[in-house]
Amino acid sequence: MLAKDPKRRSQSMRGVQNDLEQLIEESGRTGIASAERSSPWLQLAGVAILVILAVATVYWFVSSSRTDTPLAQLEAVPLTSYPGLEKQPTFSPDGSQLAFVWDGEKRDNIDIYVKTVGPGQPLRLTTDPLSDFSPAWSPDGSQIAFLRSRGGERAELFLIPPTGGTERKVTELSPETTFTTLAWSPDGQYLAFSDRFGDMMSLGIILLSLETGERIHLTSPSESETRDYQPVFSADGKTVYFVRSSSGADLYSVPAEGGEPQWISRAGSVSSMALAPDGEALVLGRELGELLRVPVSGGTSIRMMGLEGRDLAISRQGLRLAVAQQSHSTNIWKLDLKTANGESGTPFLVSTRFDGCPAFSRGGEKIVFSSARSGELEIWTCNPDGTSLLQLTTIGNCGSPRWSPDGNWIAFDREVEGTYDIHVVSATGGAALQVTDSESEDVLASWSGDGQFIYFTSNRTGENQVWKIPFGQREDDAIRSAIQVTQNGGFRPIESLDGKYLYYLKYRADRRIWRMPVEGGEEVLVSESINAWWPNWDLALDGIYFVDRQEVSNFHWSNRPLFTVGMKWTVRSYKFEDQSIVDVGELRYPPSSGPGFGISPDGHWLLSSQYDNEVSDLMLVENFR
């Protein structure tokens, strides 16, 4: 059964039995021929060994035959194939129907729809011009809860019958919409969701009583910018599982009656989560599409093969899995800011895989970017006209690259099993060197003007701060002690090209830009008028360039824009000389996170990673266990 050639292994229990019988018979014949030379004790020992081997082999075979579903290939069939985006499925209690979000045949409005599993047209439940999202079917099947965006960071929670009818507003919340999903308790008495907590930079899990309207703070993150999201109830309703994130993410559980959250496992970047039918595991949808199964008691996660997707739902009955399978293009566009005149540029680096995180070298003669065009996210470079493409890394999960001032090195972050660290690689290629090594999340590297330090964002104190670490060029001294730079929050640091100031965001949710002297000192807010969509800003010699999200009236999914109706993405410039802010261009499509924004040092060219084509269909897996 351990033969290297699979064809030589026993393929059934009957085969194992035959092999054992033959082995015992051959052993018996050998024993008769050598009986005169062997003692009875040796013969008994031989028989005992055969019995032990037989029992162990049978046990191994039976145990291995109980392998969980994730080790097998998942076979999915299309559940919807409409134009546009169908996302966020939720099953009826019996698994015969599902509700989901769709932007409609004309892709002009985001509403909740219901359809029967199988042939048939969907029923449109909501018709409000604003975006409706995050549907959740009640355990008794009588209602569907959903959220409606009111623009900015406001949302309203409604209930509606699955056959249509009058909506009932339940409450309002001000979540960070990236993380907002709804979960019913099994008895139907509570809805769980994420909402703002404390200093307004954190998210906690809220239990809302549908009978009294009382809000119970189930989790209350003490650290600024910690986010608890993706609540999921256990089958008996006694436990709530959730994701806790600052830079990376971990799975936690907490008693539904309140108590101290308990760590379960590392999670990485989670986009959706559901309880497996047996109640013993959580099924996770990752940002890049992987589906993982993680035991609720902790332990190693198992990747489910044969299917990828993001938004997932599992039926309470019927053993069905639905997942939103996306096809999208994330490409890098180039815009001439000197002659833009309201235009939105042209495609620059385009492939069928992800291309993003562009950055110019200090002299503007080279471009670095992250791309999955070779199958994994790696670091690439090219000329300013897009020629001479060169892949620098072959280790996977590489992002956010930045050039050293002399153009010889590139710093980037890399994720391995949910943990991020800073690495560097030569601009000509070769082995990448790891610069940081901690259990914290070290991301978004950039360089000091003299090239002696690498700045980065880390949550190693419990909240995101800017740190810096001496740059070692030899492998044996690459990992050194880091120095904390900011004390009151810091995210995505960039040193000015004149080497005087360090610019940064305080928090991911706060889009204002701050600065402090490079040698240390008082931090100051650059301008109240800068509202930078956080991953999309950069420095040039003359000022700060950033993307301002305007005319926001509809829900937006941060990492993968759910829908873009009513959005306008304006490129603006804050001038160092007179502190003025002017519009310099416009993006044609929503910008990606990443960071997905790079300005040439002279402020002439803009590179922007944009979601320029996206469709999503729902896929169905039957007999999912």
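So, here is what we can say about the structure in this document.

So, how was this worked out
Residues numbered from 1 in each chain as written. Predicted model: local features only at pLDDT ≥ 70, side-chain atom pairs only at ≥ 80, totals over all residues. Heavy atoms only, no water. Helix = DSSP H or I, 4+ residues; strand = E, 2+ residues; numbered from the N terminus. Buried < 20%, exposed > 50% of the residue type's maximum accessible area, 1.4 Å probe, protein only. Contact = heavy atoms within 4.5 Å. Areas by Shrake-Rupley, 256 points an atom, 1.4 Å probe, with all protein chains shown as cover. 1 Å grid on protein atoms, 1.4 Å probe; cavity = no way out; pocket = protein on both sides within 12 Å on 5 of 7 lines; lining within 4 Å. Points joined across faces, edges and corners; volume = space filled by probe spheres on them. Nonpolar A, V, L, I, M, F, W, Y, C, P; charged D, E, K, R; others polar. Pairing = 2+ DSSP bridges. Core = buried A, V, L, I, M, F, W, Y, C linked by side-chain atoms within 4.5 Å. Salt bridge = Lys/Arg side-chain N within 4 Å of Asp/Glu carboxyl O. Polar contact = N/O pair within 3.5 Å; in protein donor to acceptor, adjacent residues only side chain to side chain. Lys, Arg positive; Asp, Glu negative; His and termini not counted.

Overview of the overall build of the protein chain
Move 1: On a plain count of helices and strands, the protein chain comes out with two helices and 46 strands.
Move 2: Taken across its 625 residues, the protein chain has 57% of its residues classed as buried.
Move 3: Considering only contacts in the protein chain between residues 6 or more positions apart, those separated by 24 or more positions represent 44%.
Move 4: On the protein chain, roughly 27000 Å² of surface is accessible, and the fraction owed to carbon and sulfur atoms is 49%.

With respect to the layout of surface pockets
Move 1: Taken as a whole, the second largest pocket encloses approximately 820 Å³ of empty space.
Move 2: Surrounding the second largest pocket, 35 residues form its lining, Met 273, Ala 274, Leu 275, Ile 314 and Arg 316 being those nearest its centre.
Move 3: Broken down by secondary-structure element, the contributors of at least two residues to the lining of the second largest pocket are strand S2 (86–91), strand S6 (132–137), strand S10 (183–184), strand S14 (227–233), strand S18 (270–275) and strand S22 (312–314).
Move 4: Its residues assigned to classes, the lining of the second largest pocket comprises 22 nonpolar, ten polar and three charged.

Notes on the pairing of strand S7 (residues 144–149)
Move 1: A large share of S7 lies buried, amounting to six of its six residues.
Move 2: Where burial is concerned, the two faces of S7 agree: the one with Ile 144, Phe 146 and Arg 148 and the one with Ala 145, Leu 147 and Ser 149 are both buried.
Move 3: One ladder, built from four bridges, connects S6 with S7; its direction is antiparallel. Paired with Asp 132 across the strands is Arg 148, a residue of S7.

Re the nonpolar core
Move 1: With 25 residues, the main nonpolar core has Ile 144, Leu 157, Leu 182 and Phe 193 as its most contacted residues.
Move 2: Elements represented by at least two residues in this core include exactly strand S3 (97–102), strand S4 (111–116), S6, S7, strand S8 (155–160), strand S11 (190–197) and strand S12 (202–209).
Move 3: By residue number, the principal contributor to this core is S8, which donates five residues.
Move 4: Apart from residues no more than four positions distant in its own chain, Ile 144 is found in contact with Ala 99, Val 114, Leu 125, Pro 135, Ala 136, Trp 137, Phe 158, Leu 159, Ile 160 and Pro 162.
Move 5: Within the second largest apolar cluster, 17 residues are counted, among which are Tyr 420, Leu 505, Ala 532 and Ile 544.

Some details on the pattern of salt bridges
Move 1: Per the counting criterion, the structure on display carries 22 salt bridges.
Move 2: A salt bridge links Arg 266 to Glu 441; its shortest N-O distance comes to 2.4 Å. Taken together, the residues span a long stretch of sequence, with Arg 266 in strand S17 (residues 262–266) and Glu 441 in the loop between strand S32 (433–434) and strand S33 (442–447) at a distance of 175 residues.
Move 3: Overall, Arg 266 belongs to the partly exposed group, its relative accessible area being 25%.
Move 4: Put simply, Lys 506 and Glu 523 hold a salt bridge, and the shortest N to O gap is 2.6 Å. Of this pair, Lys 506 sits in the loop between strand S38 (501–505) and strand S39 (513–517) while Glu 523 sits in the loop between S39 and strand S40 (524–525), placing them 17 residues apart in sequence.
Move 5: Taking relative accessible area as the criterion, Glu 523 reaches 18% and is therefore assigned buried.
Move 6: A network of salt bridges, in which partner residues are shared, links Asp 128, Asp 132, Arg 148 and Glu 167.

Here's the deal with the sheet that holds S33
Move 1: Taken together, the four strands give an open sheet; going across it, the order is S33-S34-S35-S36, and neighbouring strands pair in antiparallel fashion. Lying at the two open borders of the sheet, with one neighbouring strand each, are S33 and strand S36 (483–484).
Move 2: For strand S35 (residues 465–470) and S36, the ladder comprises two bridges, and the chain directions are antiparallel. Bridged to Trp 467 within S36 is Gln 484.

Examining empty space enclosed by the protein
Move 1: Summed over the entire model, instances satisfying the criterion amount to four cavities of 30 Å³ or more.
Move 2: The calculated volume of the largest cavity comes to roughly 280 Å³.
Move 3: In this structure, the largest cavity is lined by 20 residues; those nearest its centre are Phe 360, Arg 362, Arg 402, Trp 403 and Leu 497.
Move 4: Breaking the lining of the largest cavity down by element, the ones donating at least two residues are strand S25 (355–360), strand S29 (398–403), S33, strand S37 (491–495) and strand S41 (537–539).
Move 5: Of the residues that constitute the lining of the largest cavity, the class distribution is ten nonpolar, six polar and four charged.

Re the pairing of S6
Move 1: For S6, the tally of buried residues reaches six of six residues, placing the bulk of the element in the interior.
Move 2: Count of turn residues in the S6/S7 antiparallel hairpin: six residues, of which Gly 141 carries a positive phi of about 80 degrees.

Remarks on the sheet that holds S2
Move 1: The antiparallel open sheet is built from four strands, whose spatial order is S2-S3-S4-S5. Where the open sheet ends on each side, the last strands, each with one partner, are S2 and strand S5 (123–124).
Move 2: Alignment of S2 against S3, held across four bridges, turns out to be antiparallel. In the strand pairing of S3, Phe 91 is matched with Leu 98.

A few points about the environment of Gly 399
Move 1: You can see Gly 399 is positioned in strand S29.
Move 2: Sequence-distant contacts of Gly 399, that is, excluding residues within four places in its chain, are made with Ser 370, Ile 379, Phe 412 and Asp 413.

With respect to the side chain of Glu 441
Move 1: Assessed through its relative accessible area of 3%, Glu 441 is described here as buried.
Move 2: Within the structure, Glu 441 has its side chain in polar contact with the side chain of Arg 266 (distance 2.4 Å).
Move 3: From its side chain, Glu 441 meets the backbone nitrogen of Tyr 420 in a polar contact 3.2 Å long.

What to know about the side chain of Lys 468
Move 1: Looking at the element boundaries, Lys 468 is found in strand S35.
Move 2: Of the side chains bearing the opposite charge, Glu 495 lies closest to the buried Lys 468, which forms no salt bridge; the N-O distance is 7.5 Å.
Move 3: When sequence neighbours within four positions are dropped, the list of residues in contact with Lys 468 reads Phe 453, Ile 454, Tyr 455, Phe 456, Ala 482, Ile 483 and Val 485.

Brief notes about unusual backbone geometry
Move 1: Even without a glycine there, the phi angle at Leu 319 is positive, about 50 degrees.
Move 2: One non-glycine residue, Asn 397, adopts positive backbone phi at about 60 degrees.
Move 3: Its place among the elements puts Asn 397 in the loop between strand S28 (390–391) and S29.

Points about the environment of Gly 598
Move 1: Assignment of secondary structure puts Gly 598 in strand S45 (residues 597–599).
Move 2: A C-alpha to C-alpha distance of 9.9 Å links Gly 598 and Ser 361, two positions 237 residues apart in sequence.
Move 3: Once you skip the residues sitting within four places of it in the chain, Gly 598 turns out to touch Pro 358, Phe 360, Asp 538, Trp 605, Leu 606 and Leu 607.

Some words on the environment of Ala 359
Move 1: Positionally, Ala 359 belongs in strand S25.
Move 2: With relative accessibility at 3%, the residue Ala 359 sits in the buried group.
Move 3: Once the C-alpha coordinates of Ala 359 and Ser 400 are considered, the two residues, 41 residues apart in sequence, prove to be 8.7 Å apart.
Move 4: Not counting residues within four places of it along the chain, the set of residues in contact with Ala 359 comprises Lys 366, Ile 367, Val 368, Pro 401, Arg 402 and Trp 403.

Everything listed is a geometric property; what it means functionally is a separate question.
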